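Each chain, letter by letter, is given below.
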Amino acid sequence: MNCILAGVGGQGTVLASKLIAQAGLSSGQMVRTAETIGMAQRGGCVVSHVRTGKRVHSPLVPIGQADIIIGFEPGEAVRNLPYLKKGGTAVVARKAVRPVTASLTGSSYDGSDMLAYLEQHVERLILVDGEAICEAIGSPKVLNIALLGAALDPLGIDAAQMESVIRASVRPQFVEMNLKALHAGMNAARKE
Amino acid sequence: MEKFLMGNEAIALGALDAGVGFVSGYPGTPSTEVLETVAKHNDGSIYVEWSVNEKSAMEAAAGAAYAGARAMVTMKQVGLNVASDPLMSLAYVGVKGGLVVLVADDPGPISSQTEQDTRTFAMFSKLPVFDPSSPEEAYAMVSQAFELSEKYGTPVILRSTTRVCHGCATVNVQERHEPKKAEGFVKDTQRWVIFPRTSFQNHQKIEARNPVIGKEFCSSPFNAALHAGTGRKGIATHGINYAYTTEALELLSAEAPLLKIGTPFPFPEDMGVEFLQSVDEVLCVEELDPVIERALIFLCGKYHLPTKIYGKLTGHIASAGENTVEAVEKALADYLGVSLPAAAHLPPPPQMPVRPPVLCAGCPHRASFFAVKEAMKGRKAVFSGDIGCYTLGNAMPLDMTDTCLCMGAGVTMAQGLHKIEPDAVNFAFIGDSTFFHTGIPGVINAVYNEHDIVVVVLDNSTTAMTGHQPHPGTGKTMMGEISEKISIERVLEALGVKSVQVVNPLDLGAAKLAVTRAAQEKGVSAIIFRSPCIAVVKPARPLAVDAEKCVGCKICINKLGCPALVMESGKAKVEPGLCTGCTLCSQVCPKKAIG
């Protein structure tokens, strides 16, 4: 299973990829990941690669080989769409993150073009209203776990397994909040 | 015990298992987590420090190794340039306890100034080098590197690259963390005091030793000649490219004899020759420099072999940048004459948003840059920058970084710029950690040679870009101990800087006034803009825009470029999840609409 997590620095892609990796490990698979750590974490484009299976060579997913793309932002999902294999699933947050460059140039970027493009070119698209979930839970920081929840099915990870991974990986005071976000994401995906 | 580790963590645990007793370094992407992981697992038996710069780190580690301890020093590739003076000499003097020099290279580059290849540096310094292809191999190489270092009494380089450093994999680690006993320093001036005559003798020994190590490397588990298939077209590769190559061959359903080199210097010649004799051609799949390619060409010349060598020098592999599985797949398909699997063709996407990294919302550097920009409006001024988060001050709309070269260069470059163009006001922006790293000698040079510059220290009380490491101004060490805080203003005063102002940059009025004053001073003047990095302090209440008062002039957005400010339905809007309440925008708003 090859998964790409694409977003903007600061959105929590690294934690989400770590949780997917841990779930893979706990079911006895070989796992390799690659992270973007460095300058891009300051609001630039970040991509995490997670690969699980019997045998994995490269930590980077080759173009056209991703089973799933988790897009934390519509534009970043589109930017990384060439990674998605035919028939793959994209789980994408609806809300656009407007870069400073767009605000400065007065570009009207709001992600709607990107969502339309995704709807046209992704066979299995799950759009998640991450903003509403974050608002309901009361923290802008749980978008990553909400998206992870929405992606659990296509990732082939069952809820109980991910719950125990979250309990083991997240600081105790944040566990409940993240579990809520996980389930909100799962429910959102079911409604799609 | 099996652990899922990032490459850098694997290297750290490898060092612990090898009995390392002393670890020093300076943070730099992608190397930083190695030292941090050692510190995290330290039971108190290992000495760990963030040194003030890579040269200090190298020298301190060399001292520990002279005294017989196993020592490791960590840095990124450009850090090795800073540490090259001690390392070049250390190569001649040698060590007693094992010394592993961990250097992380950055193909791309993703977070660096250069794409230099530490394998080439190893050849230049005549030091053995290991080049891991995975976190698992990186772990295994550390103990081998220590063994080799002690066997031959030489520093050994372990160089890794981003995808190994920041890739995670399952590593089988031992858990014995006992620093190897150190005998203590044994005086021997013939050995430890470098002199021209001993250097001549040591140079002879090094030249005699390296071919011996090259022979030893022929049986290293990190080198392999894998004879798959019966083809006469071979591939030579290294590091993470070995993984890309293996994967690309699988995707192409192709086979080829493969030479994997994990110890590129001293090159395992016999192994190379045997491989060259088994094939007609070799494609070298490398990142950064064509090190293996040149070594194989050299062997073809030395042994009159007819084997053809392809790679970066022949345009078969990209000369710069990071490789990927698909780039390697394409190169291998062309080389082996097999067809590439059909790629899915997506129609071109709508115009993508450009998303360069930016200063965070609420970053005090934004306020500092803006104050200088406003105060210097209409004046001829040049802004020298330096290495750190504040390099991002170059982005529009701030546009406040005219030069950036290497750690500490801003302060000194401003001096040269001003001498040739004395009618400009020359500012040098430097972060607090960079000030301690290499900034101080530049200030001394300015005072001593009577230069006329304004030094602006952007003091956010941390080493922010690499993930918030402590430094001499923070009063904390890597061991978590409280140390004497070194006061930047007192350092500047002691160096003879007559005008030193300390200002909170988030008070825009006071900050602009300080800049105007400093620019009027003759000679060296300094401003310390002091406000903590917003990533390490609790944010203040987010601001909001009063839509009644906002006239949609966009002044806040166009002047500050803060990621928390956006336009919505013709009015400015503050993103509450991003805003840290720094109030800079409310100070800039002509309608007092933000509060």
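The coordinates are above.
Residues numbered from 1 in each chain as written. Chains lettered and ligands numbered in written order. Predicted model: local features only at pLDDT ≥ 70, side-chain atom pairs only at ≥ 80, totals over all residues. Heavy atoms only, no water.

### Structural notes on the overall build of chain B
Along chain B, the regular secondary structure elements total 21 helices and 20 strands. By principal-axis analysis of the C-alpha atoms, chain B measures approximately 80 × 70 × 50 Å. Per-residue burial for chain B yields a buried fraction of 57% across its 595 residues. Nonlocal contacts in chain B, meaning residues at least 24 apart in sequence, comprise 79% of its contacts between residues at least 6 apart. (Helix = DSSP H or I, 4+ residues; strand = E, 2+ residues; numbered from the N terminus. Buried < 20%, exposed > 50% of the residue type's maximum accessible area, 1.4 Å probe, protein only. Contact = heavy atoms within 4.5 Å.)

### A short note on the pattern of salt bridges
Two side chains of opposite charge can pair, provided their charged atoms sit close to one another. Residue and element names in this part refer to chain B. Applying the stated criterion to the full structure yields 37 salt bridges over all chains. Among the ionic pairs, Glu269 bridges to Lys302, the shortest N-O distance being 2.9 Å. Of the two residues, Glu269 is situated in helix H12 (residues 269-278) and Lys302 in helix H13 (residues 291-302); the sequence distance between them amounts to 33 residues. Classification of Glu269 as partly exposed rests on a relative accessible area of 23%. In the salt-bridge network here, residues are joined through shared partners; they are Asp105, Asp117, Arg119, Asp131, Arg159 and Glu286. (Salt bridge = Lys/Arg side-chain N within 4 Å of Asp/Glu carboxyl O.)

### Side note on a nonpolar patch on the surface
On the surface, a nonpolar cluster with roughly 230 Å² of combined accessible area is contributed by Leu405, Met413 and Leu417 of chain B. Examined against the element boundaries, Met413 of chain B turns out to sit in helix H16 (residues 409-420). (Patch = residues over 30% accessible without salt bridge, like charges linked within 9 Å, V, L, I, M, F, W, Y side chains within 5 Å. Areas by Shrake-Rupley, 256 points an atom, 1.4 Å probe, with all protein chains shown as cover.)

### Some words on the packing of aromatic side chains
Residue and element names in this part refer to chain B. On inspection of all chains with the given rule, the structure shows twelve aromatic pairs over all chains. A centroid spacing of 6.2 Å and a plane angle of 40° characterise the contact between Phe383 and Phe429, whose relative ring orientation is tilted. Of this pair, Phe383 sits in strand E14 (residues 381-384) while Phe429 sits in strand E15 (residues 425-431), and the two are 46 residues apart along the sequence. You can call Phe429 buried: its relative accessible area is 1%. Both rings, one in Phe427 and one in Phe429, keep their centres 6.4 Å apart while their planes meet at 15°; by these two values the pair is stacked. By the ring-pair criterion, three or more aromatic residues cluster together here, those being Phe369, Phe383, Phe427 and Phe429. For Lys233, the ring lying beneath its charged end belongs to Tyr335, and the centroid distance is 5.1 Å. Lying across the ring of Tyr242, Lys260 places its NZ or CZ 5.5 Å from the centre. (Phe/Tyr/Trp six-rings, centres within 6.5 Å; stacked < 30°, edge-to-face > 60°. Lys NZ or Arg CZ within 6 Å of the ring centre and 35° of its normal.)

### Topic: the state of the cysteines
Residues and elements named next belong to chain B. What the rule picks out here adds up to zero disulfides over all chains. In this structure Cys553 is a free cysteine whose sulfur lies 6.1 Å from that of Cys589, the closest cysteine sulfur available. A residue is classified by how much of its surface remains accessible, and Cys553, at 38% relative accessible area, is partly exposed. Overall, Cys589 belongs to the buried group, its relative accessible area being 11%. (Disulfide = S-S within 2.5 Å.)

### Re the sheet that holds E15 of chain B
Residue and element names in this part refer to chain B. Pairing within the open sheet is parallel, and its five strands lie in the order E14-E15-E16-E18-E17. Edge strands, defined here as strands with exactly one partner in the open sheet, are E14 and strand E17 (499-503). Averaged over all pairs of adjacent strands, the angle between strand axes in this sheet comes to 20°, irrespective of strand direction. Both E17 and strand E18 (residues 525-530) contribute to a ladder of five bridges, which runs parallel. Within E18, the residue paired with Val503 across the bridge is Phe529. (Pairing = 2+ DSSP bridges. Axes fitted to C-alpha atoms, helices over the stretch in contact; angles between N-to-C directions.)

### Overview of the nonpolar core
All names here are of chain B. In this structure, Val372, Met376, Phe427, Phe429, Phe435, Leu492 and Phe529 are the most contacted members of the largest nonpolar core, which totals 70 residues. When near neighbours in sequence (up to four residues on either side) are disregarded, Phe429 contacts Phe369, Val372, Phe383, Ser384, Gly385, Asp386, Tyr390, Met400, Val456 and Leu458. Core analysis: the second largest hydrophobic core is formed by 59 residues, Met141, Val173, Phe217 and Ile235 among them. (Core = buried A, V, L, I, M, F, W, Y, C linked by side-chain atoms within 4.5 Å.)

### Here's the deal with the interface of chain A and chain B
At the junction of the two partners, chain A supplies 50 residues and chain B supplies 56 residues. Across the chain A to chain B interface the summed buried area is about 4,300 Å²; carbon plus sulfur atoms make up 61%. The interface formed by chain A and chain B contains seven salt bridges. With its nearest N and O atoms 2.6 Å apart, the salt bridge here joins Arg32 of chain A to Glu136 of chain B. One can count 20 residue pairs in polar contact (both at pLDDT 80 or more) joining chain A with chain B. Contributions of two or more residues to the side of chain A that touches chain B are made by helix H1 (13-26), strand E2 (30-34), strand E3 (45-53), helix H2 (74-79), helix H3 (100-105) and helix H4 (112-121) of chain A. Ranked by the residues each element gives to the side of chain A that touches chain B, the list is headed by E2 of chain A, at five residues. Strand direction decides the pairing type here: E2 of chain A and strand E8 (residues 167-172) of chain B, joined by two bridges, are antiparallel. (Buried area = accessible area lost by both parts, 1.4 Å probe. Polar contact = N/O pair within 3.5 Å; in protein donor to acceptor, adjacent residues only side chain to side chain.)

### Some words on the pairing of strand E5 (residues 99-105) of chain B
Residue and element names in this part refer to chain B. Counting buried residues along E5, seven of its seven residues qualify, which places the element largely inside the surrounding structure. Taking every second residue as pointing to the same face, both faces of E5 are buried, with Leu99, Val101, Val103 and Asp105 on one and Val100, Leu102 and Ala104 on the other. Sheet topology places strand E4 (residues 71-76) next to E5; six bridges connect them, and they run parallel. Bridging from a neighbouring strand, Val73 pairs with Val101 of E5. Examined bridge by bridge, E5 and strand E7 (residues 156-161) share six bridges and lie parallel to one another. Note on E7: the bridge partner recorded for Leu102 is Leu158.

### A few points about unusual backbone geometry
As a rule of thumb, non-glycine residues mostly have phi less than zero, and peptide bonds are mostly trans rather than cis. Residues and elements named next belong to chain B. Pro30 follows Thr29 through a cis peptide bond whose omega is 5°. Looking at where Pro30 falls in the secondary structure, it is placed in the loop between strand E2 (22-25) and helix H2 (32-40). Its identity is not glycine, yet Ser461 carries a phi of approximately 60°, on the positive side. A relative accessible area of 37% places Ser461 in the partly exposed class. The phi torsion at Lys592 lies on the positive side, around 50°, for a residue other than glycine. The topology assignment puts Lys592 in the segment after helix H21 (584-588). Judged by relative accessible area, which is 56%, Lys592 ranks as exposed.

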